Amino acid sequence: MDEENAKQKVREWYMLYSDEIYRFIYLLIRDHEQAKDLMHDTFLKSYFSLEQYQGRASVKNWLYRIARNLTIDYKRKSNPISYYLTEWNLISVNREGCPQRILDLGESERHFYMALSKLKHSYQEVILLRKVKELSTRETAEVLNWSEAKVKTTLSRAQDALKRTLEEEGYIHGEV
């Protein structure tokens with residue numbers, strides 16, 4: 001593919017998916033400016049990796065995977081101790097600076113996102129992709145590079161953990 005066609009293709013993808021990719025990253029890192037930077041980096045990387053895209057996953061899933069990997073790299077580099085403590089679920093990392101957008105949400109949504117932020121990273125990702133972004137099990141497996149069985153198992157465990165967290169905070173909800 002020539003350079004101009006590649007640029008046009010990535011521009012089209014940007015128009016279609018940039019908002020979704022931005023929101024996904026933002027919910028993972030809770031930093032507006034950094035989420036914008038990582039979203040832009042996602043599309044830059046897609047441009048430079050276009051020849052490697054083999055079409056096994058949908059374009060949207062491929063972009064989610066790039067965004068996820070860039071976000072993980074960012075979190076590791078920016079605060080490696082916090083990243084590993086959160087990943088290993090050893091201590092609760094201070095999450096000050098809750099985004100204004102989340103504070104402006106209704107009570108139930110605020111509880112949901114605050115409880116979600118307390119879960120381990122893999123649980124956050126699978127809930128965001130399957131339940132918030134409404135990707136299929138297969139699509140989620142492609143993005144996370146997991147088997148479909150792992151997506152199903154992790155989602156079930158994540159939903160149980162989210163429900164427990166919400167209940168511990170005094171918020172009772174019929175179904176998560």
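For the structure given in this document, a descriptive report is provided here. Note that the structure is predicted; figures quoted are calculated from it, not measured.

Counting its secondary structure elements, the chain contains nine helices and zero strands. Along the chain, helices (α) and strands (β) appear in the sequence α-α-α-α-α-α-α-α-α when read from the amino end. Looking at the 176 residues of the chain, the share that counts as buried comes to 44%. Restricting to contacts in the chain with at least 6 residues of sequence separation, those with at least 24 account for 62%. Here the chain has roughly 10200 Å² of accessible surface; of this, 47% comes from carbon and sulfur atoms.

Moving on to the environment of V10. The topology assignment puts V10 in helix α1 (residues 3–29). Along the backbone, V10 and L44 are 34 residues apart, and their C-alpha atoms lie at a distance of 8.4 Å. In this structure, V10 is in contact with F43, S46 and Y47, ignoring residues within four places of it in sequence.

A separate point is unusual backbone geometry. Positive phi, normally seen in glycine, also occurs at E134, with a value near 60 degrees. One can find E134 in the loop between α7 (121–132) and α8 (137–144). For E134, a relative accessible area of 65% translates into the label exposed. Positioned with a positive phi, N145 is a non-glycine residue whose angle comes to about 60 degrees.

Right, let's get into the pattern of salt bridges. Side chains that differ in sign of charge can pair as their charged atoms come close. Here the structure, examined in full by the defined rule, presents six salt bridges. Across the pair K36 and E33 runs a salt bridge, and its minimum N-O distance is 3.9 Å. You can see K36 and its partner E33 sitting in helix α2 (residues 32–48), three residues apart, about one turn around the helix. A relative accessible area of 32% means that K36 is categorised as partly exposed.

Turning our attention to the packing of aromatic side chains. A complete count under the given rule lists seven aromatic pairs for this structure. Ring geometry for Y22 versus Y26: centroids 5.6 Å apart, planes at 25 degrees, classification stacked. With Y22 and Y26 both in helix α1, this residue pair falls four residues apart, about one helical turn. In terms of burial, Y22 and Y26 fall into one category: buried. Relative to W62, the ring of Y53 has its centre 4.7 Å away and its plane inclined at 40 degrees; by these criteria the two rings are tilted. Since its relative accessible area comes to 22%, Y53 is described here as partly exposed. By relative accessible area, which is 13% here, W62 ends up buried.

Rules used in this analysis
All residue numbers here refer to positions counted from 1 along the written sequence of the relevant chain. Reporting of local features is limited, given that this is a predicted model, to residues whose pLDDT is at least 70; pairs of side-chain atoms are given and counted only at 80 or more, and all residues count toward the totals for whole chains, interfaces and linings. Water and hydrogen atoms play no part in the side-chain values, which are based on all heavy atoms of the structure. To qualify as a helix, a DSSP run of H or I must reach at least 4 residues; to qualify as a strand, a run of E must reach at least 2; elements of each kind are numbered from the N terminus. Here's how the labels work: a residue is buried when its accessible area is under 20% of the maximum for its type, exposed when over 50%, partly exposed in between, all with a 1.4 Å probe on protein chains only. A contact between two residues is defined here by any heavy atoms of the two lying within 4.5 Å. In these tables, accessible area is a Shrake-Rupley quantity obtained with a 1.4 Å probe, and a residue counts as shielded only by the protein chains included in the view. Take a side-chain nitrogen of Lys or Arg and a carboxyl oxygen of Asp or Glu: if they are within 4 Å of each other, that pair is a salt bridge. Only rings of Phe, Tyr and Trp enter the pairing, Trp through its six-membered ring, and a pair is recorded when the two centres are within 6.5 Å. The plane angle decides the type: under 30 degrees is stacked, over 60 is edge-to-face, the rest tilted.

Read these as geometric descriptors, not functional statements.
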